[in-house]
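Single-letter residue listing:
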Amino acid sequence: MYNRILVPVDGSTHAQRALDAAVALIQSLKNEPELAVLHVNPSISINEPPVGIDLEERIREEGEKILAPATEALSKLGVSYQTFSKTGDPSSAICKTAEEQHVDLIIMGSRGIGLMSELLIGSVSHGVVQHAHCPVMIVR
């Protein structure tokens, strides 16, 4: 039985579908598992930070903007949830968060959006499937 479900979100329609699938699953189960919603800001390596720009603050703000629609929808539905924001390699951060949060299932979209999405389509979900300690459901 599932007690805790993790859904990574990135603002994509695939991530929204994964969140919808997680909510439907939670509502169908008698034990009502806890939901963890995660946004991972990919690490950005730059030689010189832009002058006058607080890059960390911008990254934090972007994460909040991406999590906001998910939290609004979950609040309206009455689903119990927690949100997390991390920075780093998305696949690694998702798998690490799943272990730290004692997640029984990861539900994620098959594709996402990001700086290099056209080049790396599906690589995050593939990486999670290969390295997660728990089952992974991929939603199309």
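Below: a short report on this structure. If you're wondering where the values come from, they're calculated on a predicted model, not measured in any experiment.

Taking 1.5 Å of rise per residue, 16 residues should cover 22 Å, and helix α1 (residues 13-28) covers 22 Å from first to last C-alpha, within 8% of that figure. Contacts made by the buried residues of α1 are with β1 (4-8), β2 (34-41), α2 (55-77), β4 (105-109) and β5 (136-139).

What follows concerns the side chain of Asn 41. Looking at the element boundaries, Asn 41 is found in strand β2. Given a relative accessible area of 5%, Asn 41 falls into the buried group. A distance of 2.9 Å separates the side chain of Asn 41 from the side chain of His 39, its partner in a polar contact. Ignoring anything within four residues of it in the chain, the contact list for Asn 41 reads Ile 59, Glu 62, Gly 63, Lys 86, Thr 87 and Gly 88.

Tracing the sequence through the fold places Asp 10 in the loop between β1 and α1. Buried charge Asp 10 goes without a salt bridge, the closest partner of opposite sign being Arg 17 at 11 Å.

Within β1, five of the five residues are buried, which leaves it mostly tucked inside the rest of the structure. Neither face of β1 is exposed, since Arg 4, Leu 6 and Pro 8 on one face and Ile 5 and Val 7 on the opposite face are all buried. As paired elements, β1 and β2 share five bridges and run parallel to each other. Bridging across to β2, Pro 8 finds its partner in Leu 38. At this point the chain moves from β1, through α1, to the parallel β2, and the crossover so formed is right-handed.

In this structure, Ile 5, Val 7, Leu 35, Val 37 and Ile 107 are the most contacted members of the largest nonpolar core, which totals 19 residues. Going through the elements one at a time, β1, α1, β2, α2 and β4 are the ones with two or more residues in this core. Considering every element that reaches this core, the biggest residue donor is α1, with six residues. Look past the residues within four positions of Leu 35 in its chain and what remains in contact with it is Ile 5, Val 7, Leu 19, Ala 22, Ile 26, Leu 74, Val 79, Ser 80, Tyr 81 and Gln 82. Val 40, Phe 84, Ala 98 and Ala 132 belong to the second-largest nonpolar core, a separate cluster that totals 15 residues.

Calculation notes
Residues numbered from 1 in each chain as written. Predicted model: local features only at pLDDT ≥ 70, side-chain atom pairs only at ≥ 80, totals over all residues. Heavy atoms only, no water. Helix = DSSP H or I, 4+ residues; strand = E, 2+ residues; numbered from the N terminus. Expected span 1.5 Å × (residues − 1). Contact = heavy atoms within 4.5 Å. Buried < 20%, exposed > 50% of the residue type's maximum accessible area, 1.4 Å probe, protein only. Polar contact = N/O pair within 3.5 Å; in protein donor to acceptor, adjacent residues only side chain to side chain. Lys, Arg positive; Asp, Glu negative; His and termini not counted. Salt bridge = Lys/Arg side-chain N within 4 Å of Asp/Glu carboxyl O. Pairing = 2+ DSSP bridges. Right-handed = clockwise from strand over helix to strand, strands pointing away. Core = buried A, V, L, I, M, F, W, Y, C linked by side-chain atoms within 4.5 Å.

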